[in-house]
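Coordinates in review
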Amino acid sequence: MHIIVTGNELSSTRGGSELSLFDVCHSLSKRGHRISLLYVNEGDLLKDYYSFCDQVIRIHGYRFNRKSLASSVLNFLSDISKVPTSQNSVIYSNGYNEVFFGSTAASYKNIPFVVHLRLPPPEEKIYPLRQAGLKGAKQAIALTKVKKFIAVSNQTKLDWSNVGIERERIEIVHNGINLEAFKPSDNLTARRDDLGILRNTKVILYVGRLDRVKGIETLMRAFSLLLKEGQSDKHLLIAGKPLLQDGEYEGELKRLSIELGIDRKVTFLGHVQNPSSLYRVSDVTVLPSLWSEPFGRTIIESMACGTPVVASKVGGIPEILTSEFQHFLSLPGDEEDLFRILSRTIDWKNTDPQLGERSRDHVLRNFSLSGTVDGIEKVLLSTT
């Protein structure tokens, strides 16, 4: 099969969406499928794509620019002509924002089109056409051309079916990770020393975008409650960089740490290329999301490293934290509830020393990369 992949910015700093796309494309290539990549903006993952893709093609964008409409249309048509096709080709888009380009190219080249739904639908109604209005008309038409959708969770499927996408066109494939890249390690002393963390300190970790929808202030307030309870042997690590707020929210978080009197117990690490060592040195990872989190890749990364996760009961997260792990779900935006769960979890290495092993086993059974690629490959093959 020849898979024509459309990506936007090929950067690990954009979060799980781009990382998952890379893992899937690399794995499909190893299975003998040919990969042609279209992209708009460069990033740190681009050089790695070159190592296995048949073709890597930069284009101008996936939509028209109304400020320079004439040249934008010409660039769009030129980019469509660049799309390489062969026998058994399929276009595979990494998100809704690329759907207009993908559907146009698929129609012009007479090949199937598959869209991976990694985010909830936009706030405006874009589908069906009668509800879309002029602003969303071309997107609504484009969505009718998609042969199959892949949703990262049941919740994401529900979110999109609620705006009009037929449920039978949406297949659910949970994200998975490379379990060799994320695994436990006993050699933690050096990394803790690098971070300036004392050996007996309990570490709470956040990894992800520094954006409001992630609810990091809820975590900081819950952490301050832990310290006020007399648990001063705690440290909070926050790894990530802003994507939507351009640093404004990060500044607010740092000011909040001072207001709460916890600034000496909180370390902002910025973007960390490979967070696996952070998971390993931490006692608990927290994902305190406020929005309908489609999946939550950091949850399975941390659990695969043997570190349990406390996360908000929103979006697709409850589909990950199932069985015994549902007890680690907290109410979104509720620092008191998050504090209570952290209080009973933070000392698990003494009270329940097998929890780390069970956390990894849960990911091994349910969220392996090979299982994810099996599901995506099945959908792609069914369209050709």
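Structural data are supplied above this passage.
Attention here is on the structure that accompanies the text. On a predicted model such as this, the values are computed, not experimentally measured, just so you know.

1. So, the overall build of the protein chain
The number of helices and strands found in the protein chain is 15 helices and 13 strands. Against the 2.2 N^0.38 benchmark of 21 Å for 384 residues, the protein chain shows a C-alpha radius of gyration of 22 Å, consistent with a compact globule. Referenced to the eigenvectors of the C-alpha coordinate spread, the extents of the protein chain come out at roughly 65 × 40 × 35 Å. Split into buried and exposed, the 384 residues of the protein chain put 55% on the buried side. Residue pairs in contact within the protein chain that sit at least 24 positions apart in sequence constitute 70% of those at least 6 positions apart. For the protein chain, the accessible surface area stands at approximately 16,800 Å², while carbon and sulfur atoms represent 48% of it. Averaged over its 48 positive side-chain charges, the protein chain has a centre that lies 4 Å from the centre of its 44 negative ones.

2. Some words on the environment of Ile 216
Within the secondary structure layout, Ile 216 lies in helix H8 (residues 216–228). Residues within four places of Ile 216 in sequence aside, it is in contact with Tyr 206, Arg 209, Leu 210, Ile 238, Tyr 249, Leu 253 and Pro 288.

3. Comments concerning the nonpolar core
Membership of the largest hydrophobic core comes to 60 residues, with the highest contact counts inside it found for Ile 204, Ile 299 and Leu 342. Residue contributions to this core peak at seven residues, all from H8. Listed in part, the 29 residues of the second largest apolar core include Leu 38, Val 83, Ile 91 and Leu 143.

4. Digging into the packing of helix H1 (residues 16–30) against helix H15 (residues 369–383)
Where H1 contacts H15, the axes come no closer than 10 Å and their chain directions differ by 75°. When the interaxial angle is binned, H1 and H15 end up roughly perpendicular. Contacts from Asp 23, Val 24, Ser 27 and Leu 28 in H1 reach Leu 369, Thr 372, Val 373, Ile 376, Glu 377 and Leu 380 in H15. Across the contact of H1 with H15, the residue classes break down as six nonpolar, two polar and two charged.

5. A look at the sheet that holds strand E8 (residues 202–207)
Read across the sheet, six strands follow the order E10-E9-E8-E11-E12-E13 without closing on themselves; strand pairing throughout is parallel. The open sheet terminates on both sides in strands that have one partner only, identified here as strand E10 (266–270) and strand E13 (329–330). Sheet analysis places E8 next to strand E9 (residues 234–239), joined by six bridges and oriented parallel. Bridge pairing in E9 links Val 207 to Ala 239. Along the sheet face, H8 touches E8, E9, E10 and strand E11 (284–287) and points at about 170° away from the line of E9.

6. Focus on the side chain of Glu 98
Within the secondary structure, Glu 98 sits in the loop between strand E4 (89–93) and helix H4 (99–109). Using a relative accessible area of 6% as the deciding quantity, one classes Glu 98 as buried. Separated by 2.6 Å, the side chains of Glu 98 and Thr 6 make a polar contact.

7. Description of the pattern of salt bridges
With the rule as written, the count across this model stands at 21 salt bridges. Taking the shortest distance from any N to any O, the salt bridge between Asp 283 and Lys 349 comes out at 3.5 Å. Taken together, the positions of Asp 283 in the loop between helix H10 (276–281) and E11 and Lys 349 in helix H13 (residues 348–351) put the pair 66 residues apart, joining distant regions of the chain.

8. As for H4
Those residues of H4 lying buried are Val 99, Phe 100, Phe 101, Gly 102, Ser 103, Ala 105 and Ala 106. Immediately downstream of H4, the backbone of Asn 110 shows phi near 55°, a positive value.

9. Focus on the environment of Leu 321
Along the chain, Leu 321 turns up in the loop between strand E12 (309–312) and E13. When the C-alpha atoms of Leu 321 and His 362 are compared, they prove to be 9.1 Å apart, with 41 residues separating the residues in sequence. Excluding residues that lie within four positions of it along the chain, Leu 321 makes contacts with Ile 299, Met 303, Val 309, Ala 311, Gln 326, Phe 328 and Leu 329.

10. Concerning the pairing of E9
Where burial is concerned, most of E9 is hidden: six out of the six residues are buried. Residues Lys 234, Leu 236 and Ile 238 line one face of E9 and the alternating positions His 235, Leu 237 and Ala 239 line the opposite face, and both faces are buried. Bridge count between E9 and E10: four bridges; the pairing is parallel. Bridge assignment links Ile 238 to a residue of E10, and that residue is Phe 268.

Procedures and definitions
- Residues numbered from 1 in each chain as written.
- Predicted model: local features only at pLDDT ≥ 70, side-chain atom pairs only at ≥ 80, totals over all residues.
- Heavy atoms only, no water.
- Helix = DSSP H or I, 4+ residues; strand = E, 2+ residues; numbered from the N terminus.
- Rg over C-alpha atoms; globule rule 2.2 N^0.38 Å.
- Buried < 20%, exposed > 50% of the residue type's maximum accessible area, 1.4 Å probe, protein only.
- Contact = heavy atoms within 4.5 Å.
- Areas by Shrake-Rupley, 256 points an atom, 1.4 Å probe, with all protein chains shown as cover.
- Lys, Arg positive; Asp, Glu negative; His and termini not counted.
- Charge placed at Lys NZ, Arg CZ, Asp CG, Glu CD.
- Core = buried A, V, L, I, M, F, W, Y, C linked by side-chain atoms within 4.5 Å.
- Axes fitted to C-alpha atoms, helices over the stretch in contact; angles between N-to-C directions.
- Parallel < 35°, antiparallel > 145°, perpendicular 65-115°, else oblique.
- Nonpolar A, V, L, I, M, F, W, Y, C, P; charged D, E, K, R; others polar.
- Pairing = 2+ DSSP bridges.
- Polar contact = N/O pair within 3.5 Å; in protein donor to acceptor, adjacent residues only side chain to side chain.
- Salt bridge = Lys/Arg side-chain N within 4 Å of Asp/Glu carboxyl O.

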